[in-house]
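So the chains spell out like this:
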Amino acid sequence: MFKIKIAGINVLVHNKYKFSEYLCRDYLTDESHTDFSVCADEKEILLEIQETNAPINAEYAESVCIHRAIAEHLAEYDAFLLHSAFIECEGVGVAFAAKSGVGKSTHISIWQRVFGDKVRVINGDKPIVRLINGEFYGYGTPWLGKENIGKNGCCKLKALCFLNRGEKNAISTVSAETAAMMLFSQIYLPSIGENAAKTLELVDKFSSSVSFFKLYCNMQDEAAKVSHNAIIKGE
Amino acid sequence: MKIKNGFICRQVGGNNVVVATGAQSKIFNGVIKLNESGLVLWNKLLVGAEKNELVDALLSEYDVDRTVVEADVDKFLKELRDAGAIEE
């Protein structure tokens, strides 16, 4: 059993395997207050192993189940899970979303190559988005994706950019209406009815508060320059 | 017929979207976007309605031929049935 603080929420985790605690090592807290607790039972872990396309062990499966159990509760704290790579650059938080395999990690690594220390990767795969006093913030989580990049931290989320592969680099803005529909494949919708409804309300607010972009990009430095110009500089 | 428990409709970014929650989300995990007339039908189905009532509801709002409306209602019901959202 251990306690973590993610997105400002204290979660007590009843684990069976040491890997889960190791994974969460940067998020451990000794605060006495607990917002909610989660656990993964043997049945769920077995199901996770069976339903994953790649061979995984029980330790890893437990960590995935814990992650999902946390995601189920986030709406109660005005938060949701956004499948994306979340970075901060010059004080601006930007999330890059794409289908698996399109190259979110590649694109943020180009940002790092071009802009160096100005770029901080908060989470490469599954950040939490939380509404606080009318503004959306992106938070790091222990679940970093296969490239394993990210650092405990948070930043105001100003823009979300949908990535697509292209031969040339081109960026355009996306309307809230279109973005809202595109967001559905990138968020975790809780199965608990009330929390699902609350998540939809949050996504509705999110779609009217954040700027959305659509980027076609290749793997050259210019890709990061084009997206940086539009998203950070607003040109 | 009516909408099954667990299916909800909300406005998200100006779109009327339908998703499944709870046990239903294990069966249907997509999103259905409703247009204006779809929303009229959805609201009728929330309390329960037969096909002819759905057709009448649209005919009272839109000046179109009955056969056209019937085809639209059939298409709409098929989409909801495919998602498992209808209780007959």
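Residues numbered from 1 in each chain as written. Chains lettered and ligands numbered in written order. Predicted model: local features only at pLDDT ≥ 70, side-chain atom pairs only at ≥ 80, totals over all residues. Heavy atoms only, no water.

**With respect to the pairing of strand β7 (residues 119–123) of chain A**
All names here are of chain A. The buried fraction of β7 is high, at four of five residues. For strand β5 (residues 85–89) and β7, the ladder comprises four bridges, and the chain directions are antiparallel. The residue bridging glutamate 88 from the neighbouring strand is arginine 120, located in β7. (Buried < 20%, exposed > 50% of the residue type's maximum accessible area, 1.4 Å probe, protein only. Helix = DSSP H or I, 4+ residues; strand = E, 2+ residues; numbered from the N terminus. Pairing = 2+ DSSP bridges.)

**Structural notes on unusual backbone geometry**
Positive phi, close to 55 degrees, is recorded for Ala7(A), a residue that is not glycine. Inspection of the secondary structure puts Ala7(A) in the loop between β1 (2–6) and β2 (9–14).

**Things to note about the sheet that holds strand β4 (residues 32–34) of chain B**
Backbone-to-backbone hydrogen bonds join strands into a sheet, with any given pair of strands oriented parallel or antiparallel. Strand order in this open sheet of three strands is β2-β3-β4 (chain B), and the pairing throughout is antiparallel. The open sheet has two edge strands, β2 (7–12) and β4 of chain B, and neither has a second partner. Across the sheet, the mean angle separating the axes of adjacent strands is 30 degrees when strand polarity is ignored. Here three bridges tie strand β3 (residues 15–20) of chain B to β4(B), and the two strands are oriented antiparallel to one another. Residue pairing across strands places Val17(B) opposite Lys33(B), the latter belonging to β4(B). The strands touched by helix α5 (residues 176–183) of chain A are β2, β3 and β4 of chain B; relative to β3(B), the strand with the most contacts, the crossing angle is about 10 degrees. (Axes fitted to C-alpha atoms, helices over the stretch in contact; angles between N-to-C directions. Contact = heavy atoms within 4.5 Å.)

**What to know about the sheet that holds β2(A)**
Residues and elements named next belong to chain A. Spatially, β1-β2-β3 is the arrangement adopted by the three strands of the open sheet, whose pairing is mixed. Across the chains shown, the open sheet's two edge strands, defined by having one partner strand only, are β1 and β3 (36–39). Averaged over all neighbouring strand pairs, the angle between strand axes comes to 30 degrees, with direction disregarded. Pairing of β2 with β3 involves four bridges; the strand directions are parallel. By the bridge assignment for β3, histidine 14 is matched with cysteine 39. Relative to the sheet, helix α3 (residues 58–73) contacts β1, β2 and β3, its axis offset from that of β3 by approximately 145 degrees.

**Thoughts on the environment of Ile110(A)**
Turning to its location among the elements, Ile110(A) is positioned in helix α4 (residues 104–115). Considering only alpha carbons, one finds Ile110(A) and Gln220(A), 110 residues apart in sequence, at a separation of 7.4 Å.

**Concerning the packing of α4(A) against helix α7 (residues 221–231) of chain A**
Residue and element names in this part refer to chain A. At a closest axis distance of 8 Å, the pairing of α4 and α7 adopts a crossing angle of 90 degrees. Considering the angle they form, α4 stands roughly perpendicular to α7. Facing His107, Ile110, Trp111, Arg113, Val114 and Phe115 of α4, the residues of α7 in contact are Asp221, Ala223, Ala224, Lys225, Ser227 and His228. (Parallel < 35°, antiparallel > 145°, perpendicular 65-115°, else oblique.)

**Here's the deal with the domain arrangement of chain A**
Residues and elements named next belong to chain A. Under the domain assignment used here, chain A contains domain 1 (2–75) and domain 2 (79–231). The C-alpha-based centres of domain 1 and domain 2 are spaced at 23 Å. Taken together, the contact between domain 1 and domain 2 spans 18 residues of the former and 20 residues of the latter. Counting each side, the surface lost to burial between domain 1 and domain 2 is near 1800 Å², with a carbon and sulfur contribution of 63%. Counting across the domain 1 and domain 2 interface gives zero salt bridges. The interface formed by domain 1 and domain 2 holds 12 residue pairs in polar contact (both at pLDDT 80 or more) in total. For the side of domain 1 that touches domain 2, the element with the most residues is α3, which contributes eight residues. Residues of the side of domain 1 that touches domain 2, tallied by class, amount to 11 nonpolar, four polar and three charged. (Domains from an automatic or database assignment. Buried area = accessible area lost by both parts, 1.4 Å probe. Salt bridge = Lys/Arg side-chain N within 4 Å of Asp/Glu carboxyl O. Polar contact = N/O pair within 3.5 Å; in protein donor to acceptor, adjacent residues only side chain to side chain. Nonpolar A, V, L, I, M, F, W, Y, C, P; charged D, E, K, R; others polar.)

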